[in-house]
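Take a look at the letters that make up each chain.
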Amino acid sequence: MALVINDRVKVTSTTTGTGAFALGAAVTGFETFAQGIGNSNTTYYCIFNQGTSEFEVGLGTLDGTSANLTRGSGATIFSSSNSDNVVDFNSGTKDVFCTMPASKSVYLDSTG
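Residues numbered from 1 in each chain as written. Predicted model: local features only at pLDDT ≥ 70, side-chain atom pairs only at ≥ 80, totals over all residues. Heavy atoms only, no water.

**Here's the deal with the side chain of Asp95**
As for its placement among the helices and strands, Asp95 is situated in strand 7 (residues 94-98). For the buried residue Asp95, which engages in no salt bridge, the nearest side chain bearing the opposite charge is Lys10, 4.4 Å off. In this structure the side chain of Asp95 is engaged in a polar contact, spanning 2.9 Å, whose partner is the side chain of Gln50. When residues no more than four places from it in sequence are discounted, the contact partners of Asp95 are Lys10, Val11, Thr12, Cys46, Ile47, Phe48 and Gln50. (Helix = DSSP H or I, 4+ residues; strand = E, 2+ residues; numbered from the N terminus. Buried < 20%, exposed > 50% of the residue type's maximum accessible area, 1.4 Å probe, protein only. Lys, Arg positive; Asp, Glu negative; His and termini not counted. Salt bridge = Lys/Arg side-chain N within 4 Å of Asp/Glu carboxyl O. Polar contact = N/O pair within 3.5 Å; in protein donor to acceptor, adjacent residues only side chain to side chain. Contact = heavy atoms within 4.5 Å.)

**Some remarks on the pattern of salt bridges**
Any two side chains of opposite charge can pair if their charged atoms end up close together. Inspection of the entire model under this criterion finds one salt bridge. Its salt-bridge partner being Glu56, residue Arg71 comes within 2.7 Å of it at the nearest N-O pair. Of the two residues, Arg71 is situated in the loop between strand 5 (68-70) and strand 6 (76-80) and Glu56 in strand 4 (residues 55-62); the sequence distance between them amounts to 15 residues. When its relative accessible area of 5% is taken as the criterion, Arg71 is described as buried.

**Re the packing of aromatic side chains**
Within the structure shown, the criterion is met by two aromatic pairs. On the basis of an interplanar angle of 80 degrees and a centroid distance of 5.4 Å, the ring pair of Phe21 and Phe89 is categorised as edge-to-face. Here the residue Phe21 occupies a position in strand 2 (residues 21-22), and Phe89 occupies one in the loop between strand 6 and strand 7, the gap between them amounting to 68 residues. Among the residues examined, Phe21 registers a relative accessible area of 0% and is labelled buried. Both rings, one in Tyr44 and one in Phe78, keep their centres 5.8 Å apart while their planes meet at 65 degrees; by these two values the pair is edge-to-face. Separated by 34 residues along the polypeptide, Tyr44 in strand 3 (residues 42-49) and Phe78 in strand 6 bring together distant segments of the chain. The ring centre of Phe30 lies 5.4 Å from the NZ or CZ of Lys10, which sits over that ring. (Phe/Tyr/Trp six-rings, centres within 6.5 Å; stacked < 30°, edge-to-face > 60°. Lys NZ or Arg CZ within 6 Å of the ring centre and 35° of its normal.)

Structural data, given as C-alpha coordinates:
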(Lines give C-alpha, C1' and ligand atoms only; values in the text may rest on other atoms or scores of the structure.)
Protein backbone atom coordinates (compact mmCIF):
# COMPACT_ATOMS: atom_id res chain seq x y z
CA MET A 1 0.00 0.00 0.00
CA ALA A 2 1.46 3.32 -1.11
CA LEU A 3 0.35 6.93 -0.98
CA VAL A 4 -0.51 7.84 -4.58
CA ILE A 5 -1.40 11.32 -5.80
CA ASN A 6 -2.68 11.88 -9.32
CA ASP A 7 -4.43 14.53 -11.41
CA ARG A 8 -7.85 14.23 -13.02
CA VAL A 9 -9.23 11.38 -10.90
CA LYS A 10 -12.94 12.02 -10.32
CA VAL A 11 -16.00 9.78 -9.98
CA THR A 12 -19.54 10.07 -8.69
CA SER A 13 -21.19 8.22 -5.82
CA THR A 14 -24.59 8.07 -4.18
CA THR A 15 -23.29 6.57 -0.92
CA THR A 16 -24.75 7.98 2.30
CA GLY A 17 -23.56 7.88 5.91
CA THR A 18 -20.10 7.82 7.46
CA GLY A 19 -18.64 4.57 6.14
CA ALA A 20 -16.75 3.52 3.05
CA PHE A 21 -17.81 5.13 -0.23
CA ALA A 22 -18.80 2.96 -3.17
CA LEU A 23 -17.12 4.59 -6.15
CA GLY A 24 -19.11 4.97 -9.36
CA ALA A 25 -18.16 5.76 -12.93
CA ALA A 26 -15.58 8.35 -13.90
CA VAL A 27 -16.84 11.80 -14.77
CA THR A 28 -16.32 12.55 -18.48
CA GLY A 29 -12.71 13.56 -19.09
CA PHE A 30 -11.43 12.02 -15.84
CA GLU A 31 -10.03 8.66 -14.69
CA THR A 32 -11.43 6.26 -12.12
CA PHE A 33 -9.62 5.65 -8.84
CA ALA A 34 -8.63 2.20 -10.15
CA GLN A 35 -6.93 3.82 -13.16
CA GLY A 36 -5.36 6.81 -11.42
CA ILE A 37 -4.60 5.54 -7.91
CA GLY A 38 -4.66 1.75 -8.04
CA ASN A 39 -5.96 -1.06 -5.90
CA SER A 40 -5.20 -0.99 -2.15
CA ASN A 41 -3.37 2.36 -2.29
CA THR A 42 -4.08 5.44 -0.18
CA THR A 43 -4.77 8.92 -1.51
CA TYR A 44 -5.97 12.34 -0.49
CA TYR A 45 -9.61 12.77 -1.46
CA CYS A 46 -12.46 15.22 -1.43
CA ILE A 47 -16.15 14.30 -1.34
CA PHE A 48 -18.67 17.00 -2.20
CA ASN A 49 -22.43 16.46 -2.13
CA GLN A 50 -23.69 18.38 -5.19
CA GLY A 51 -26.15 21.16 -4.42
CA THR A 52 -25.41 21.12 -0.68
CA SER A 53 -22.75 22.41 1.68
CA GLU A 54 -21.58 18.91 2.64
CA PHE A 55 -17.89 18.23 1.98
CA GLU A 56 -14.99 16.26 3.39
CA VAL A 57 -11.25 16.28 2.64
CA GLY A 58 -9.21 13.41 4.03
CA LEU A 59 -6.87 10.50 3.56
CA GLY A 60 -8.58 7.35 2.33
CA THR A 61 -7.64 3.83 1.26
CA LEU A 62 -8.96 1.97 -1.75
CA ASP A 63 -10.00 -1.64 -1.34
CA GLY A 64 -8.43 -4.47 -3.34
CA THR A 65 -10.61 -3.76 -6.39
CA SER A 66 -10.71 0.05 -6.07
CA ALA A 67 -14.50 -0.20 -5.84
CA ASN A 68 -14.65 1.41 -2.39
CA LEU A 69 -12.84 4.26 -0.64
CA THR A 70 -12.45 3.55 3.07
CA ARG A 71 -13.12 6.46 5.41
CA GLY A 72 -15.27 6.92 8.48
CA SER A 73 -14.52 6.15 12.10
CA GLY A 74 -10.84 6.68 12.81
CA ALA A 75 -10.19 8.24 9.38
CA THR A 76 -7.83 11.14 8.87
CA ILE A 77 -10.00 14.16 8.07
CA PHE A 78 -8.26 17.45 7.25
CA SER A 79 -11.33 19.62 6.73
CA SER A 80 -15.07 19.13 6.46
CA SER A 81 -18.45 20.75 6.75
CA ASN A 82 -18.81 18.88 10.07
CA SER A 83 -16.24 20.90 12.04
CA ASP A 84 -13.39 18.92 10.43
CA ASN A 85 -14.85 15.57 11.48
CA VAL A 86 -16.26 12.71 9.40
CA VAL A 87 -19.39 13.83 7.53
CA ASP A 88 -22.62 11.82 7.74
CA PHE A 89 -23.52 12.37 4.08
CA ASN A 90 -27.18 12.74 3.12
CA SER A 91 -28.71 11.43 -0.11
CA GLY A 92 -27.69 12.93 -3.44
CA THR A 93 -24.94 12.64 -6.01
CA LYS A 94 -21.46 13.23 -4.68
CA ASP A 95 -18.30 14.13 -6.55
CA VAL A 96 -15.37 12.09 -5.20
CA PHE A 97 -11.96 13.21 -6.42
CA CYS A 98 -8.27 13.35 -5.64
CA THR A 99 -7.01 16.58 -4.17
CA MET A 100 -3.98 17.96 -2.39
CA PRO A 101 -5.02 19.23 1.06
CA ALA A 102 -3.67 22.71 1.76
CA SER A 103 -2.28 21.51 5.09
CA LYS A 104 -0.13 18.95 3.26
CA SER A 105 1.30 21.24 0.58
CA VAL A 106 4.77 22.71 0.54
CA TYR A 107 5.08 26.07 -1.18
CA LEU A 108 7.29 29.12 -1.57
CA ASP A 109 6.31 32.42 0.02
CA SER A 110 5.41 35.45 -2.12
CA THR A 111 9.09 36.37 -2.58
CA GLY A 112 10.03 32.96 -3.94
